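A look at the structure
This is what each chain is made of:
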Amino acid sequence: MNLSNLTPAPGATRKGKRLGRGVGSGTGGHSSTRGNKGQKSRTGNHRMPSWFEGGQMPLQRRVPKFGFKNPFRKEYRIVSVGRIVSLIEAGRLEASAEVGIAQLRAAGQLGAGERIKVLGDGEVGMPLQIAAHAFSRTARQKIEAAGGTATVQE
């Protein structure tokens, strides 16, 4: 036995369709499985890009476009002060130390390279020292009203 004796298992391979070989071939005869008429039934159709719509106004030009997408926009992952308090109560964050970006990342609240913004949902019943990339006005007010500090880090 050697490599020249190896063959695929029975039924593993099939012969390709013999297109353009007449009506008796069972593949449509004159149309060779391409359907009737039209640009796609003619030869040379393989040069058409898949998005070509036959001269009709293309979809990407028909769809309305408006507004402005700022390429320098800073995206933030949001965390509420109520969520931070619940993490402290669950023991995933320490209340005595400053709750910073590294601690929130270790607690699974943001991924590597993500920026974080603290929002004011929830209640703060203890003084917290929180450092984040941004704070909402209500979050800052709630943290400072409870005797804590909100520090912006870059």
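Cut-off values and rules
Residues numbered from 1 in each chain as written. Predicted model: local features only at pLDDT ≥ 70, side-chain atom pairs only at ≥ 80, totals over all residues. Heavy atoms only, no water. Helix = DSSP H or I, 4+ residues; strand = E, 2+ residues; numbered from the N terminus. Rg over C-alpha atoms; globule rule 2.2 N^0.38 Å. Buried < 20%, exposed > 50% of the residue type's maximum accessible area, 1.4 Å probe, protein only. Contact = heavy atoms within 4.5 Å. Areas by Shrake-Rupley, 256 points an atom, 1.4 Å probe, with all protein chains shown as cover. Pairing = 2+ DSSP bridges. Axes fitted to C-alpha atoms, helices over the stretch in contact; angles between N-to-C directions. pLDDT = per-residue confidence, 0-100. Salt bridge = Lys/Arg side-chain N within 4 Å of Asp/Glu carboxyl O. Polar contact = N/O pair within 3.5 Å; in protein donor to acceptor, adjacent residues only side chain to side chain. Core = buried A, V, L, I, M, F, W, Y, C linked by side-chain atoms within 4.5 Å.

Along the protein chain, the regular secondary structure elements total four helices and five strands. Counting from the amino terminus, helix and strand elements in the protein chain follow one another as α-β-α-α-β-β-β-α-β. For the protein chain, the C-alpha radius of gyration of 33 Å lies well beyond 15 Å, the compact-globule estimate for 154 residues. Taken along its principal axes, the extent of the C-alpha atoms in the protein chain is 90 × 60 × 25 Å. For the protein chain, buried positions account for 23% of its 154 residues. The long-range fraction of contacts in the protein chain, counting pairs at least 24 apart against all pairs at least 6 apart in sequence, stands at 37%. A total of about 11800 Å² of accessible surface is found on the protein chain, and carbon and sulfur atoms cover 53% of it.

Both strand S1 (residues 76-80) and strand S2 (residues 115-119) contribute to a ladder of five bridges, which runs parallel. In the sheet register, Val79 faces S2, and the bridge partner there is Val118. Pairing geometry for S2 and strand S4 (residues 134-135), over two bridges, is parallel. Residue pairing in the sheet places Val118 in a bridge with Phe135 of S4.

Moving on, we get to the sheet that holds S1. Read from one edge of the open sheet, three strands run S1-S2-S4, paired in parallel fashion. Of all the strands in the sheet, just S1 and S4 have a single pairing partner and so form its edges. Taken strand by strand, helix H2 (residues 81-89) contacts S1 and S2, and its axis lies near 65° from that of S1.

For the protein chain, mean pLDDT is 90; residues scoring 70 or higher make up 100% of the total. Ranking the elements of the protein chain by mean pLDDT puts helix H3 (residues 101-106) last, at 89, and S4 first, at 96.

All told, the structure shown has three salt bridges when counted by the stated rule. Arg62 serves as the salt-bridge partner of Glu53, at 3.0 Å between the closest nitrogen and oxygen. For Arg62, a relative accessible area of 41% corresponds to the partly exposed category.

What follows covers the side chain of His133. Within the element layout of this structure, His133 appears in the loop between strand S3 (129-132) and S4. The exposure class of His133 is buried, given its relative accessible area of 11%. A distance of 2.9 Å separates the side chain of His133 from the backbone nitrogen of Ile116, its partner in a polar contact.

Take the nonpolar core next. Core analysis: the biggest nonpolar cluster contains 22 residues, and Ile84, Leu93, Val118 and Ile130 have the highest contact counts within it. Those elements giving two or more residues to this core turn out to be H2, H3, S2, S3 and helix H4 (137-145). In terms of residues, this core owes the most to one element, H2, which gives five residues. Other than its neighbours up to four places away in sequence, Val118 contacts Val79, Val81, Ile84, Ile130, Ala132, Ala134, Phe135, Ser136 and Ala139.

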